[in-house]
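This is what each chain is made of:
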Amino acid sequence: MKVCICGGGNLGHVVAGFVAAQGKYEVCLLTRHPERWSQELTIETPTATTLTGHLSGLYSDAKQAVGHADIVLLCLPGYAIRETLLHIKDHLRPDSAVGSVVSSTGFFFEAMELLPASQPLFGFQRVPFISRIVEYGRKARLMGYKESLHLAIERARQPEQLCDTLADMLQTPIHLLGSYYEVSLSNSNPLLHPSRLYSLWKDWHEGVVYSRVPLFYEEWTEEAAELYIEMDNELQALLELLPVRKGSIATVLDYYESTDVASLTRKLRSIEAFKGILSPMKETAGGYVPDFQSRYFTEDFPYGLAIVYRLTHEKGVPSPTIDRIYEWGMKWVNG
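What you are looking at is a predicted structure, and each value in this text was computed from that prediction instead of being measured.

Peer 1: What is the right way to read the sheet that holds strand β5 (residues 57-59) from this model?
Peer 2: Neighbouring strands of a sheet are bound in pairs by backbone hydrogen bonds; such pairs are parallel or else antiparallel. Strand order in the open sheet made by the 8 strands is β5-β2-β1-β6-β7-β8-β11-β12, with mixed pairing throughout. Bordering the open sheet on either side are β5 and β12 (174-176), each of which pairs with just one other strand. For this sheet, the mean inter-axis angle between neighbouring strands, taken without regard to orientation, is 25 degrees. Helix α3 (residues 78-88) rests against β1 (2-6), β2 (26-30), β6 (71-74) and β7 (97-100) of the sheet, and its axis sits at about 155 degrees to β6. Contacts between helix α4 (residues 107-114) and the sheet are confined to β6, β7, β8 (121-124) and β11 (149-154), with β8 contributing the most and set at about 170 degrees to the helix.

Peer 1: Is there a simple way to think about the packing of helix α12 (residues 300-315) against helix α13 (residues 320-333) in this case?
Peer 2: Between α12 and α13, the least distance of the axes is 10 Å, while the angle of their chain directions is 140 degrees. Judged on the interaxial angle alone, α13 and α12 are oblique. Once α12 is placed against α13, the crossing between them reads as left-handed. Listed contacts from α13 to Phe 301, Pro 302, Leu 305, Ala 306, Val 308, Tyr 309 and His 313 of α12 are Ile 322, Asp 323, Ile 325, Tyr 326, Glu 327, Trp 328, Gly 329, Met 330 and Val 333. Considered class by class, the residues forming the contact of α12 with α13 number 12 nonpolar, 2 polar and 2 charged.

Peer 1: So what exactly am I meant to see when it comes to the nonpolar core here?
Peer 2: Note that soluble globular proteins tend to have their nonpolar side chains buried in a common cluster. With 79 residues, the main nonpolar core has Val 72, Leu 85 and Leu 185 as its most contacted residues. Top contributing element to this core by residue count: helix α8 (residues 222-239), with 9 residues. Residues in contact with Leu 185, not counting those within four places in the same chain, are Leu 235, Leu 238, Leu 239, Leu 242, Ile 249, Ile 307, Val 308 and Leu 311. Counting 38 residues, the second largest nonpolar core, distinct from the first, contains Val 14, Val 19, Leu 55 and Leu 151.

Peer 1: Would you explain the pattern of salt bridges in this entry?
Peer 2: Where charged atoms from two side chains of opposite charge approach closely, those side chains can pair. Following the criterion strictly, the structure yields 17 salt bridges and no others. The closest approach of N and O atoms between Asp 95 and Arg 93, which form a salt bridge, is 3.0 Å. Relative accessible area serves as the criterion here: at 49%, Asp 95 is assigned to the partly exposed category. Overall, the relative accessible area of 24% leaves Arg 93 in the partly exposed class. With a closest N to O distance of 3.4 Å, Lys 275 and Glu 272 form a salt bridge. Taking relative accessible area as the criterion, Glu 272 reaches 58% and is therefore assigned exposed.

Peer 1: Would you mind showing me how to read the pairing of strand β3 (residues 40-44) here?
Peer 2: Looking down a regular strand, the side chains alternate between one sheet face and the other. Relative to strand β4 (residues 50-54), β3 is paired through 5 bridges, and the arrangement is antiparallel. Within the sheet, the bridge partner assigned to Thr 42 lies in β4 and is Thr 52. Between β3 and β4, which pair antiparallel one after the other, the connecting turn spans 5 residues, and Ala 48 there sits at a positive phi close to 70 degrees. By the bridge criterion, 3 bridges tie β3 to strand β10 (residues 139-145) in an arrangement that is parallel. Paired with Thr 42 across the two strands is Lys 139, which belongs to β10.

Peer 1: What am I meant to see in unusual backbone geometry here?
Peer 2: A positive phi is found at Ala 48, a non-glycine position, where the angle reads about 70 degrees. By secondary structure assignment, the location of Ala 48 is in the loop between β3 and β4. Positive phi is not limited to glycine here, since Gln 171 has a value of about 55 degrees. Relative to the assigned elements, Gln 171 resides in the loop between α5 (159-170) and β12.

Peer 1: Explanation requested: the layout of surface pockets in the structure shown.
Peer 2: Left-over empty space is what a probe sized like a water molecule reveals as it rolls over the atoms. Its boundaries defined by the atoms lining it, the second largest pocket holds a volume of some 420 Å³. Considering the residues around the second largest pocket, the lining is formed by 16 residues, among which Asp 95, Ala 97, Pro 120, Ala 156 and Gln 158 are closest to the centre. Of the residues belonging to the lining of the second largest pocket, the class tally is 7 nonpolar, 4 polar and 5 charged.

What counts and how
Residues numbered from 1 in each chain as written. Predicted model: local features only at pLDDT ≥ 70, side-chain atom pairs only at ≥ 80, totals over all residues. Heavy atoms only, no water. Pairing = 2+ DSSP bridges. Helix = DSSP H or I, 4+ residues; strand = E, 2+ residues; numbered from the N terminus. Axes fitted to C-alpha atoms, helices over the stretch in contact; angles between N-to-C directions. Contact = heavy atoms within 4.5 Å. Parallel < 35°, antiparallel > 145°, perpendicular 65-115°, else oblique. Left-handed = near helix turned anticlockwise from the far one by under 90°. Nonpolar A, V, L, I, M, F, W, Y, C, P; charged D, E, K, R; others polar. Core = buried A, V, L, I, M, F, W, Y, C linked by side-chain atoms within 4.5 Å. Buried < 20%, exposed > 50% of the residue type's maximum accessible area, 1.4 Å probe, protein only. Salt bridge = Lys/Arg side-chain N within 4 Å of Asp/Glu carboxyl O. 1 Å grid on protein atoms, 1.4 Å probe; cavity = no way out; pocket = protein on both sides within 12 Å on 5 of 7 lines; lining within 4 Å. Points joined across faces, edges and corners; volume = space filled by probe spheres on them.

In structure tokens, the structure reads:
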């Protein structure tokens, strides 16, 4: 089976190498910089073992990359999804399944607008791996697995078969959900990151300089946890009005096995795979200031939280915390 991975970021590295290392999939990569890649990709795992995957092709040309692919998997930030779909749409086979490694940045909405109505689509609720590049185009680190994944499939003739194939590719059990809303609306990064960013810098203005860069998760605060829970409560109210199954998107407290603000704070501070991650800041004269061009801002506000914000307003769901944080973040994203 031929698989094309689109995107050469952290997830693109790990997913491409992981799938190729199994030896039963022919994996190629669509990237803007194929010249920077080796066809042998090494993946370090949490158990201190390494996997080596051989990539069958490295392309910047869409026709070469996706023209023969059975599965096309986008491992891309939200801002790159539309551009990439436009790049590949005229070269896809009619039966190629096109999907996204995470759907909370608008994949289904874009794909349904841009691709033929019969094109099979799939998307994951959360990313399958926590991933970091070690050496671009050659080595990456798989820092954490998910015990199971949730997936939505639209327009496929045999959705269960596609689900089984993806579970085999990623070596992870997959639960098939009933609606693309169930993967497109997430209380993961689109709520998680903005709640912390707002708590850090809601009062920031030009001229304020900080002496250090705080750890994003290990110094997580109860204020951020409270905001996160409030945003999730507003999302859960929205879900009541959409065609999703009750409980298909677990509450933040259930997902993180917490009961209140304090226990959620402790949990987020303790997650091993999150340790060492710094808050998005840049150096300036005398210290550090927020980096509003970081993907924490440029992806999670206009492509993640924006979906929830738009739908709460369309459905008339009160969302004061989401509104306040979204409008604050977009002010800085738009400069």
